[in-house]
Every structure is written in C-alpha cells, then in structure tokens.
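For reference, the chains in residue letters:
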Amino acid sequence: MLMKDAAVRGLALATLGAAVCGLCSCNEEGGENTAAAPAGTSAAQPAQEKAAGETPAVASVEEVEEELLDILIFDLGMRASELSSHPELNASVRNMLEKLENYYSVLSDELAGSERKLRLALRLADTIKNLGAWERANSAYQRALADYEAMPQGLRDKAECRRLLSSIYNGMGFCALRRGNSSEAIDYYAKSNEIDTACFMQAAPEESDVLPEGEQRERYLQAAADLLFSIRCLGECQTVVQDVEEAREMYKRGATRAEQVVTIPAANASTQRAPLWGLSQDVSLQYVRLLVALGNLESSCSNAQEAFNNWLKAAQICELLTQRASSLIIRNKAAQILQGIVPQLRAMQQDSAQQQAEGQPEGSGEAAEQPAAPQE
C-alpha cells in the first residue's frame with residue numbers, strides 16, 4: 001500500500017507540474033480530445049444539485065484520490081504529453097512517464113483484466129509515441145493490445161473499449177509508418193478504420209430517423225469524429241505508398257460521411273440543416289483536416305481546381321470555428337490550419353487571374369505548395 005501511495009503521489013505531482021507548465025507556457029497550442037480520453041471526466045462539469053433534505057454522500061480518501069488521478073492522467077497528462085516537443089515541457093513529460101510506468105507496474109496485478117489497466121497502458125503508449133521513441137512506443141502499444149485481449153468478452157465488446165482498441169491500432173500504424181514499414185502501417189490503420197466504421201454504424205440512426213438527442217447524439221457525433229480521423233490516417237498512409245486512387249476514394253468516402261451528419265432531420269422535423277460546426281466541433285475539425293488532406297492530394301496530382309475547392313471548403317469551416325467554437329483548443333487548431341490554407345488559396349487565385357489575362361487554360365501551372373496541417 002505504501003508503494004501504491006508513493007506511486008500515486010509521485011505521479012500526481014509530476015503530472016500536475018507538466019500540466020501547469022503547459023498551461024503557462026503553451027496556451028496557444030493544444031489538441032482536441034483523442035479517442036483514448038475517457039468519457040464523462042470533465043473537471044468543468046457542474047455537480048448535480050442534491051434533492052431537498054438529501055444528505056450528500058461523503059467520498060472516501062481513496063475515491064477522491066482516484067478521481068483526481070483520473071483528471072491528472074487522462075486529461076491534463078494527455079495535454080502535456082501532446083506538447084512534449086516544447087523544451088519547457090519535455091523534461092516534465094519524461095518524468096511523468098517514469099512515474100506512470102511505476103504506477104502501472106505497481107497496480108498491474110490488481111487491475112488485471114480491467115478497463116482502467118487498458119486505459120493506463122494506452123496512455124503510456126501515447127506518451128512514449130509523443131516523445132518520438134517509435135520502437136518503444138510500438139512495444140507499449142503491443143502491451144496495451146495484450147491488456148485488451150486479457151479483458152472479459154463483455155468488456156471488450158463495450159463501445160468505449162472498442163474505441164480504445166481502435167486507438168491502439170492507430171498508434172501502432174503511426175509507429176510502423178515512422179519506422180518505414182508502410183505495408184504494416186496500412187494493415188494497422190485498416191483495422192482501426194474497420195472498428196470505427198462498425199462503431200459509427202452502430203451509433204448512427206436509421207436513414208428515416210431524426211437526429212438523436214442527449215447521450216445518443218453524443219455517441220453518434222463522437223463515432224463520426226473517430227471515423228473521420230481513422231479515414232484520414234488510412235488515406236495519408238495510402239498516399240505514402242503512392243496508392244493515390246485508393247487514397248482519393250478514402251478521402252471522398254470520409255467527406256460523404258461528414259456530410260451525412262448534417263442531412264438527418266432535426267427532432268422537430270425541420271428541413272433546416274444545422275451547419276456542421278454547430279453540431280460537433282470535433283467532427284468539424286476532423287472534417288477540415290480530411291478536406292486539407294484531399295486538397296493536398298489533388299494538388300500533388302496537379303488538379304489545381306479540385307485542390308482549391310477542398311481547401312476553400314476547409315477554410316470556410318475553419319473561419320466559423322475560429323469565430324464561434326466554444327473550445328479554445330478547437331479555435332486555436334482551426335486558426336492554425338487556416339493560417340496554412342489562406343496563403344495558398346490567395347496564390348492560386350492570383351495565378352488563375354494571371355493565366356486568364358494571358359489566355360492560358362486555368363490549372364496549367366505548377367502544383368501549389370501543400371498547406372501543413374497537424375497530423376494528430
């Protein structure tokens with residue numbers, strides 16, 4: 001028990017130090033929630049009001065520590081590790097990783113076959129990946145996969161655990177690609193996409209149904225965001241191996257899925273379609289990244305007009321997100337992507353105007369430089 005307490009307190013201090021450093025030094029950057037983030041753990045969520053005369057339950061010390069640790073590991077710790085390339089955070093994240101490894105080892109037997117052990121293993125693997133140690137990260141993802149397979153079938157079939165499995169395969173694909181094994185990477189990305197497709201189809205309402213409400217809507221939109229992410233990852237991997245047609249079809253399939261999100265009638269049977277950003281900021285950002293990737297592909301194939309159309313749509317959604325998204329992280333990410341798109345759009349417009357003035361056919365110039373977009 002002393003070992004467990006030491007691991008908990010050491011990890012808490014390391015994680016809190018990294019997170020505070022990240023909030024103070026890197027408040028202009030960050031990432032949206034990943035598939036590995038547990039649902040319903042937001043520290044900002046207000047507590048439910050107690051009924052009149054009801055005595056509030058007194059939480060034990062262990063329960064308080066567990067709740068705090070969840071926030072430090074799976075929320076603030078995740079944010080810090082995503083920013084580990086910053087010199088101000090790198091040492092703190094490495095220290096956090098050491099404490100997290102110790103915590104995982106101490107509780108390994110106690111948590112055997114549990115969802116919590118799987119989440120810890122994936123958090124470890126993601127942190128190692130963010131630090132750039134591809135071989136070590138791959139081993140950590142393999143360990144997380146073993147933890148998934150050690151769970152009872154009922155747990156493995158849970159939607160959240162399936163999402164975690166998809167994240168494991170996605171991480172393994174990323175590491176394989178970084179190690180130069182593109183064929184292995186495609187296999188892993190395909191497995192991730194297969195899981196996300198199944199989860200989306202399970203969460204999506206029937207075509208004749210209205211857009212779901214409440215928790216069902218949240219599950220549907222989360223599944224849509226996950227699917228767009230895995231589609232883009234698989235498409236980018238296919239692009240690396242020069243399978244351009246497969247990548248193009250994959251991207252277009254994702255764009256069709258994204259549009260389907262806003263074609264389901266609202267509960268009041270209104271024919272008014274809500275803008276994509278108004279339904280889900282996560283879906284919107286994933287859609288933007290997919291459009292940028294498709295634009296990049298078309299630009300590399302000298303399809304200037306197609307590249308322009310996709311980048312323009314991405315820029316339009318980004319502009320809405322930067323103005324109206326409630327999440328500061330989403331707004332910053334959208335602004336970052338917009339900063340890479342706008343110069344290329346302007347340059348392409350100028351080239352088009354010049355070609356028209358000179359009587360040349362549009363799109364006959366060189367492919368535009370591809371705007372950079374975050375890959376994670």
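**Remarks on the pattern of salt bridges**
Reasoning step 1: Inspection of every chain in the model, using the stated rule, returns 16 salt bridges.
Reasoning step 2: Across the salt bridge formed by K117 and D147, the nearest N and O atoms sit 3.8 Å from each other. Placement of K117 in helix 4 (residues 115-130) and of D147 in helix 5 (residues 134-149) is noted, with a sequence separation of 30 residues between them.
Reasoning step 3: You can call D147 buried: its relative accessible area is 10%.

**Quick word on the side chain of N170**
Reasoning step 1: With respect to the helices and strands, the residue N170 is situated in helix 7 (residues 159-178).
Reasoning step 2: In this view, N170 contacts Y189, S192, F229 and C233; residues no more than four positions away in its chain are not counted.

**Re the nonpolar core**
Reasoning step 1: If you look at the biggest cluster of nonpolar residues, it comprises 90 residues, and the most contacted ones within it are L120, Y141, I168 and I341.
Reasoning step 2: With sequence-adjacent residues up to four places away left out, I168 is seen in contact with L118, L122, Y141, A144 and L145.

**Let's talk about helix 7**
Reasoning step 1: The end-to-end C-alpha distance of helix 7, which contains 20 residues, comes to 29 Å, matching closely the 28 Å that a straight helix rising 1.5 Å per residue would cover.
Reasoning step 2: Most of helix 7 sits inside the fold, with 16 of its 20 residues counted as buried.
Reasoning step 3: Of the residues one or two after helix 7, G180 is the one with positive phi, at around 85°.

**Some thoughts on the environment of Q222**
Reasoning step 1: Tracing the chain through its elements places Q222 in helix 9 (residues 214-240).
Reasoning step 2: Looking at Q222, the relative accessible area reads 27%, which means it is partly exposed.
Reasoning step 3: Put simply, Q222 and F200 are 22 residues apart on the chain and 8.5 Å apart in space, counted from C-alpha to C-alpha.

**Brief notes about helix 8 (residues 182-203)**
Reasoning step 1: When the terminal C-alpha atoms of helix 8 are compared, their 31 Å separation across 22 residues agrees well with the 32 Å that a helix rising 1.5 Å per residue should span.
Reasoning step 2: Buried within helix 8 are the following residues: A185, Y188, Y189, S192, N193, I195, D196, C199, F200 and A203. Each buried residue of helix 8 lies within a common arc of 160° when the element is viewed along its axis, so the set occupies one face. For helix 8, the exposed residues lying more than 90 degrees away from the buried face are S183, E194 and Q202.
Reasoning step 3: Turning to helix 8, the residues buried within the fold contact helix 5, helix 7, helix 9 and helix 10 (244-261).

**Concerning the side chain of T127**
Reasoning step 1: Structurally, T127 is set in helix 4.
Reasoning step 2: Within the local environment of T127, its side chain forms a polar contact with the backbone oxygen of R123, the two atoms lying 2.8 Å apart.
Reasoning step 3: Aside from chain neighbours lying at most four places away, what touches T127 is S81, V93, M96 and L97.

**Describing the packing of aromatic side chains**
Reasoning step 1: If you walk through the whole model with that rule in mind, you get three aromatic pairs.
Reasoning step 2: Aromatic side chains W134 and F174 sit 5.6 Å apart centroid to centroid with 70° between the ring planes, which places their arrangement in the edge-to-face category. Separated by 40 residues along the polypeptide, W134 in helix 5 and F174 in helix 7 bring together distant segments of the chain.
Reasoning step 3: Residue W134 is classed as partly exposed on the basis of its relative accessible area, which comes to 23%.
Reasoning step 4: Ring centres of Y169 and Y188 lie 6.3 Å apart, and the angle between their planes is 20°; this geometry places the pair in the stacked category. Of this pair, Y169 sits in helix 7 while Y188 sits in helix 8; the two residues are 19 residues apart in sequence, bridging distant segments of the chain.
Reasoning step 5: In this arrangement the basic side chain of K129 is found over the ring face of F174, its NZ or CZ atom lying 5.2 Å from the centre.
Reasoning step 6: Directly above the aromatic system of Y104 lies the positively charged group of R143, at a separation of 4.5 Å from the ring centroid.

**Concerning the packing of helix 4 against helix 7**
The geometry of a pair of packed helices is captured by two quantities: the angle between their axes and the separation between those axes.
Reasoning step 1: Helix 7 packs onto helix 4 with a crossing angle of 25° between their chain directions and a minimal axis gap of 11 Å. Regarding the angle of helix 4 to helix 7, the classification is roughly parallel. Our pair here, helix 4 against helix 7, has a crossing hand that is left-handed. Of the residues in helix 7, those touching helix 4 at E115, L118, R119, L122 and K129 are E160, C161, L164, S167, I168, F174 and C175.

Conventions adopted
- Residues numbered from 1 in each chain as written.
- Predicted model: local features only at pLDDT ≥ 70, side-chain atom pairs only at ≥ 80, totals over all residues.
- Heavy atoms only, no water.
- Salt bridge = Lys/Arg side-chain N within 4 Å of Asp/Glu carboxyl O.
- Helix = DSSP H or I, 4+ residues; strand = E, 2+ residues; numbered from the N terminus.
- Buried < 20%, exposed > 50% of the residue type's maximum accessible area, 1.4 Å probe, protein only.
- Contact = heavy atoms within 4.5 Å.
- Core = buried A, V, L, I, M, F, W, Y, C linked by side-chain atoms within 4.5 Å.
- Expected span 1.5 Å × (residues − 1).
- Arc of directions from axis to C-beta.
- Polar contact = N/O pair within 3.5 Å; in protein donor to acceptor, adjacent residues only side chain to side chain.
- Phe/Tyr/Trp six-rings, centres within 6.5 Å; stacked < 30°, edge-to-face > 60°.
- Lys NZ or Arg CZ within 6 Å of the ring centre and 35° of its normal.
- Axes fitted to C-alpha atoms, helices over the stretch in contact; angles between N-to-C directions.
- Parallel < 35°, antiparallel > 145°, perpendicular 65-115°, else oblique.
- Left-handed = near helix turned anticlockwise from the far one by under 90°.

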